[in-house]
Amino acid sequence: MGLYNSVGWSSYTRDPARLAAAVRASLAVVTARQDGTLIGLARLVGDGLTIAYLQDILIAPDYRRHGIGRELFQRAFAPFGDVRQKVLITDDEPSQRAFYESMGFAETSELDHPIRTFVQFGERGRFDSLCPVSDRRPVTR
């Protein structure tokens, strides 16, 4: 909670139990700690076979620009090198664009072949009746 709060991601921290469940349900989670304090986190969601989606990557403000984000990014995606689609959605900030481009990502509008990206942000509670996290089966690689 402290890390998410430190970067202002209040939509996540409004429901701590839901955030904890989301992290547990992730395909991969890598973290960085300084003296036991969580200072960075990257997590992927997806099936790990055809798609790996970078859901979150966050670094505590005092630890940015030291290569921690790059290291977390690389470690999170390392086991999924053969996955066809590696995807993320992010804010429109120049520093984020530069970071993701340096990691080999491109905006869909700049790809050689035209593709579209669609997204819908829903309200909490809409999918509460779906399978609980404990019913998920792990991906076998």
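Reference entry: report on the structure contained in this document. (Residues numbered from 1 in each chain as written. Predicted model: local features only at pLDDT ≥ 70, side-chain atom pairs only at ≥ 80, totals over all residues. Heavy atoms only, no water.)

### Considering the packing of helix α4 (residues 68-77) against helix α5 (residues 94-102)
At a minimum axis separation of 11 Å, α4 and α5 run at an interaxial angle of 45°. Here α4 lies oblique to α5, going by the angle between them. You can see that α4 and α5 cross each other, and the crossing is right-handed. Seen from α4, the contacting residues are Gly69, Arg70 and Phe73; seen from α5, they are Phe99, Tyr100 and Ser102. Looking at the contact of α4 with α5 residue by residue, the classes come out as three nonpolar, two polar and one charged. (Axes fitted to C-alpha atoms, helices over the stretch in contact; angles between N-to-C directions. Helix = DSSP H or I, 4+ residues; strand = E, 2+ residues; numbered from the N terminus. Parallel < 35°, antiparallel > 145°, perpendicular 65-115°, else oblique. Left-handed = near helix turned anticlockwise from the far one by under 90°. Contact = heavy atoms within 4.5 Å. Nonpolar A, V, L, I, M, F, W, Y, C, P; charged D, E, K, R; others polar.)

### Some thoughts on the packing of aromatic side chains
Throughout the structure, instances matching the rule amount to nine aromatic pairs. Seen from their ring centres, Phe73 and Phe77 are 4.9 Å apart, and the 50° between their planes marks the pair as tilted. Linking Phe73 with Phe77, this pair stays in helix α4, spanning four residues, or about one helical turn. Residue Phe73 is classed as buried on the basis of its relative accessible area of 3%. Relative to Tyr100, the ring of Phe99 has its centre 5.2 Å away and its plane inclined at 70°; by these criteria the two rings are edge-to-face. A connected cluster of aromatic rings, assembled from ring pairs, spans Phe73, Phe77, Phe99, Tyr100 and Phe105. (Phe/Tyr/Trp six-rings, centres within 6.5 Å; stacked < 30°, edge-to-face > 60°. Buried < 20%, exposed > 50% of the residue type's maximum accessible area, 1.4 Å probe, protein only.)

### Section: α4
Ile68, Gly69, Leu72, Phe73, Ala76 and Phe77 are the residues of α4 that are buried. Angularly, the buried residues of α4 cover 150° about the axis, an arc narrow enough to put them on a single face. (Arc of directions from axis to C-beta.)

### Some remarks on the sheet that holds strand β4 (residues 85-88)
Paired through their backbone hydrogen bonds, the strands of a sheet run either parallel or antiparallel. Pairing is mixed across the open sheet formed by four strands, whose spatial order is β1-β2-β3-β4. Looking at which strands have only one partner, the edges of the open sheet turn out to be β1 (28-34) and β4. Across the sheet, the axes of successive neighbouring strands diverge by a mean angle of 20°, strand direction being ignored. Looking at chain direction, strand β2 (residues 37-46) and strand β3 (residues 51-59) are connected through seven bridges and run antiparallel. Bridge pairing in β3 places Leu41 opposite Leu58. Contacts between α4 and the sheet are confined to β1, β2, β3 and β4, with β3 contributing the most and set at about 155° to the helix. (Pairing = 2+ DSSP bridges.)

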